[in-house]
Amino acid sequence: MVEEGKSPRSDLWGGAGWVVFGLLIVLGSVRMDRFESMGAELYAMPGFVPGMIGGVVALLGLVLMLRGWMRQRGDAVENSEIEPLLNRRIVITMVLALVYAGLLLGRAPFWLVTALFVAAFVAMFTPPDVAPTRRAIVAVIAVVLTSALVTLVFQYVFLVRLP
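This is a predicted model, so every value here is computed, not measured.

Applying the stated criterion across every chain yields a total of 2 salt bridges. With a shortest N-O distance of 2.9 Å, Arg 67 and Asp 11 are connected by a salt bridge. Placement of the pair is Arg 67 in helix 2 (residues 48–75) and Asp 11 in helix 1 (residues 8–30), with a sequence separation of 56 residues. The class of Asp 11 is buried, set by a relative accessible area of 7%. Its salt-bridge partner being Arg 71, residue Asp 11 comes within 2.7 Å of it at the nearest N-O pair.

What follows is the structure in structure tokens.
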């Protein structure tokens, strides 16, 4: 029997979505200006890192599709109940990401917006059987570390000015 919420069909469709998304990232990175006239080398070009990440996302999408295809061959007769592609967890993740990127970024300090996003994510996805004290401790640690590390890495390693 298939674990709840992890049907072979959802792996196939989810993997296909990641492949398309990864390939769109690669396409966008290839179309970016390469600054060749300014003597930029391959590793210094603006689209290099996004292109690599997009390629990895597409590759992992293919792996997910392969897993779904392999499982579907074995579970075709057993699996009569199909999980919807957009389940509750995916919708919550999409809403949190859209609120974070679409509404909050640029309107408040980056570290604060990131801290709020991580706190909401931890609150929504921590298993319900976890003790409230432990849930709060994990949330605080995740919020502080993520917000601080992401801010510091972007500002001092990547030299990106954050809103």
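Right, let's talk about the environment of Ser 10 for a bit. With respect to the helices, strands and loops of the structure, Ser 10 is situated in helix 1. For Ser 10, a relative accessible area of 16% translates into the label buried. Here the alpha-carbon distance between Ser 10 and Gly 68, two residues 58 residues apart in the chain, equals 7.5 Å.

What follows concerns the packing of aromatic side chains. With the rule as written, the count across this model stands at 4 aromatic pairs. Each ring, one from Trp 18 and one from Phe 21, has its centre 5.9 Å from the other, and the planes form 75°; the classification is edge-to-face. Of the two residues, Trp 18 and Phe 21 are both situated in helix 1; the distance of 3 residues between them amounts to about one turn of the helix. Judged by its relative accessible area of 43%, Phe 21 falls in the partly exposed class. Ring plane angle 35° and centroid distance 4.6 Å describe the contact between Tyr 100 and Phe 117, whose orientation is recorded as tilted. Here Tyr 100 is found in helix 3 (residues 88–104), whereas its partner Phe 117 is found in helix 4 (residues 110–125), with 17 residues between them in sequence. For Tyr 100, a relative accessible area of 16% translates into the label buried.

What follows deals with the nonpolar core. Listed in full, the 5 residues of the largest apolar core are Ala 115, Val 118, Val 122, Ala 139 and Val 143. The dominant element in this core, judged by the number of residues it contributes, is helix 4, at 3 residues. Beyond its immediate stretch of four places on either side in the chain, Val 122 contacts Ala 139 and Ala 142.

On the surface, Val 91, Val 95, Val 99, Leu 103, Leu 104, Trp 111, Leu 112 and Leu 116 cluster together into a nonpolar patch covering about 670 Å² of accessible area. Looking at the nonpolar patch, the elements with two or more residues in it are helix 3 and helix 4. Looking at which element gives the most residues to the nonpolar patch, the answer is helix 3, with 5 residues. You can see Leu 104 is positioned in helix 3.

How each quantity is defined
- Going along each chain's sequence as written, the residues are numbered from 1 onward.
- This being a predicted model, a pLDDT of at least 70 is required before a residue's local features are given, and a value of 80 or more before pairs of side-chain atoms are given or counted; all residues contribute to the totals for chains, interfaces and linings.
- Hydrogens are left out, water is left out, and the side-chain values use all remaining heavy atoms of the structure.
- A side-chain nitrogen of Lys or Arg and a carboxyl oxygen of Asp or Glu constitute a salt bridge if their distance falls within 4 Å.
- Helix and strand definitions here come from DSSP, where helices need a minimum of 4 consecutive H or I residues and strands a minimum of 2 consecutive E residues; each element is numbered from the N-terminal end.
- Three exposure classes are used, based on accessible area relative to the maximum for each residue type with a 1.4 Å probe and protein chains only: buried under 20%, partly exposed in between, and exposed over 50%.
- Within 6.5 Å between ring centres, the rings of Phe, Tyr and Trp (the latter by its six-membered ring) count as paired, and their orientation is classed by plane angle as stacked under 30 degrees, edge-to-face over 60, tilted in between.
- Buried Ala, Val, Leu, Ile, Met, Phe, Trp, Tyr and Cys residues form a nonpolar core when they are joined through side-chain atoms within 4.5 Å.
- Here, residues are in contact when the closest pair of their heavy atoms is within 4.5 Å.
- Two distance rules govern patches: like charges are joined within 9 Å, and nonpolar side chains (Val, Leu, Ile, Met, Phe, Trp, Tyr) within 5 Å, applied only to residues with over 30% relative accessible area and no salt bridge.
- Only the protein chains shown count as covering a residue, and every accessible area follows the Shrake-Rupley method with a 1.4 Å probe.

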